[in-house]
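The residues making up each chain are set out below.
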Amino acid sequence: MKKIDRRSFIGQGAIGLGVMFAFSQLPLGLKAKGAAKYKHPVGFQIFPLHDAITKDFPGTMKMMAGMGYQLVEMCYPRSYAQLGFGTLVGIKASDIRRMINDAGLHCPSCHFLVQDLMDDNLNKSIEFAHELGLTQMICPGLDVPGAAISEYKVAADKFNKIAEKIKGAGMKTGLHNHTKEFAILDGELIYDAIMGALDGDLVKMQFQTEVITLGYKGPTYFNKYPGRFISAHLSDWTADKKSVPIGQGVIDWKEFFEAAKIGGVENFFVEMVPENNKDSAAYLHGLLG
């Protein structure tokens, strides 16, 4: 997910273990709904749908389920209120969960800003996460000036302490990347510096495939940092950096999903402009079964 200012190959033995793990985590009722048609769950990140959910959240969830999605990754309404989530602020997390489940979807993950995970805000966020039934709390990037590589390392060390508290609450912590982490600063790739400073047992990464536009591929990092990932945001791009439905761009998805099992990826969330969602779900189900 972009930061706050946004913007018949695979058989049972070849698919990512993370995909199978994700299916095993679905509530029994949701397994039954999807099992007859799809073997493996595909998710979507909700942010690009903010206009639709402002008008009709339950209807939007049902629309996405109708396209073939099983999972949704939320954004914490309180912090995303000015970005299309204001209508959800006054709704209990348990009621949001019910609307999601009523559509035949499951929500294992949600984005929280760094400030949502600090001091007293962390307890409120954990309470929301528990009510929503989350197993993963994801932060969309470290909040640092970015003038020096040392700033990222200090911020990553602080994030380890946050993740330790989230682990104590029975959930996993994830950190999302943007394109800015795939830049060289002080002679070092920012992403590698962050990975080096994070405790891999406490913080797992959520990989955003948009970095293909900068020449970086998910499999490179899944292989370089085995077991260090929790989920991925999926998007596809042409050689001239235009967004297209999954399977219509330059990304080698066979390679991606094979490497994802090495990386430890559990969930996959499509995050694209809404008009690409239907074709992306169809392609992924054709690939994954």
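Let me begin by describing the structure that accompanies this report. In this text the structure is predicted, and so the values were computed from the model without any measurement.

The subject of this paragraph is the sheet that holds strand S5 (residues 172-176). Strand order around the closed barrel formed by eight strands is S1-S2-S3-S4-S5-S8-S9-S12, with parallel pairing between neighbours. Taking the axes of each pair of neighbouring strands and ignoring which way they run, one obtains an average angle of 30° across the sheet. Strand direction decides the pairing type here: strand S9 (residues 229-234) and strand S12 (residues 267-270), joined by four bridges, are parallel. Within the sheet, the bridge partner assigned to Ser 231 lies in S12 and is Asn 267. Relative to S9, helix H10 (residues 253-263) is tilted by about 160°, and along the sheet it contacts S9 and S12.

Further remarks concern the pairing of S9. Here S9 lies mainly inside the structure; six of its six residues are buried. By the bridge criterion, four bridges tie strand S8 (residues 203-208) to S9 in an arrangement that is parallel. Across the sheet, Gln 208 pairs through a bridge with His 233, a residue of S9. At this point the chain moves from S8, through helix H9 (residues 218-224), to the parallel S9, and the crossover so formed is right-handed.

It is worth spelling out helix H4 (residues 57-66) at this point. Looking at H4, one finds that the buried residues are Phe 57, Thr 60, Met 61 and Met 64. On an axial view of H4, the arc spanned by its buried residues comes to 100°, and they lie on one face. Facing away from the buried side of H4, by more than 90 degrees, are the exposed residues Lys 62 and Gly 66. Buried positions along H4 lie against strand S1 (43-45), helix H3 (50-55), strand S2 (71-75), helix H5 (93-102) and helix H11 (277-288). The opening residue of H4, the one whose side-chain oxygen lies 2.8 Å from the backbone nitrogen of Gly 59, is Asp 56. Two residues or fewer past H4, Gly 68 is found with a positive phi of approximately 110°.

Interhelical geometry of H5 versus helix H6 (residues 119-132) gives an angle of 35° and a closest axis separation of 7 Å. The two elements H5 and H6 meet at a crossing, and its hand is right-handed. On H6, the residues that touch Ala 93, Ser 94, Ile 96 and Arg 97 of H5 are Phe 128, His 130, Glu 131 and Leu 132. Across the contact of H5 with H6, the residue classes tally to four nonpolar, two polar and two charged.

Bringing the packing of helix H7 (residues 149-168) against helix H8 (residues 190-197) into the picture now. Between H7 and H8, the shortest axis-to-axis distance is 8 Å and the interhelical angle comes to 35°. The handedness of the crossing between H7 and H8 comes out as right-handed. Across from Ile 149, Tyr 152, Lys 153, Ala 156 and Asn 160 in H7, the residues of H8 making contact are Ile 190, Ala 193, Ile 194 and Ala 197. Per-class residue counts for the contact of H7 with H8 are seven nonpolar, one polar and one charged.

Calculation rules
- Residues numbered from 1 in each chain as written.
- Predicted model: local features only at pLDDT ≥ 70, side-chain atom pairs only at ≥ 80, totals over all residues.
- Heavy atoms only, no water.
- Pairing = 2+ DSSP bridges.
- Helix = DSSP H or I, 4+ residues; strand = E, 2+ residues; numbered from the N terminus.
- Axes fitted to C-alpha atoms, helices over the stretch in contact; angles between N-to-C directions.
- Contact = heavy atoms within 4.5 Å.
- Buried < 20%, exposed > 50% of the residue type's maximum accessible area, 1.4 Å probe, protein only.
- Right-handed = clockwise from strand over helix to strand, strands pointing away.
- Arc of directions from axis to C-beta.
- Polar contact = N/O pair within 3.5 Å; in protein donor to acceptor, adjacent residues only side chain to side chain.
- Left-handed = near helix turned anticlockwise from the far one by under 90°.
- Nonpolar A, V, L, I, M, F, W, Y, C, P; charged D, E, K, R; others polar.

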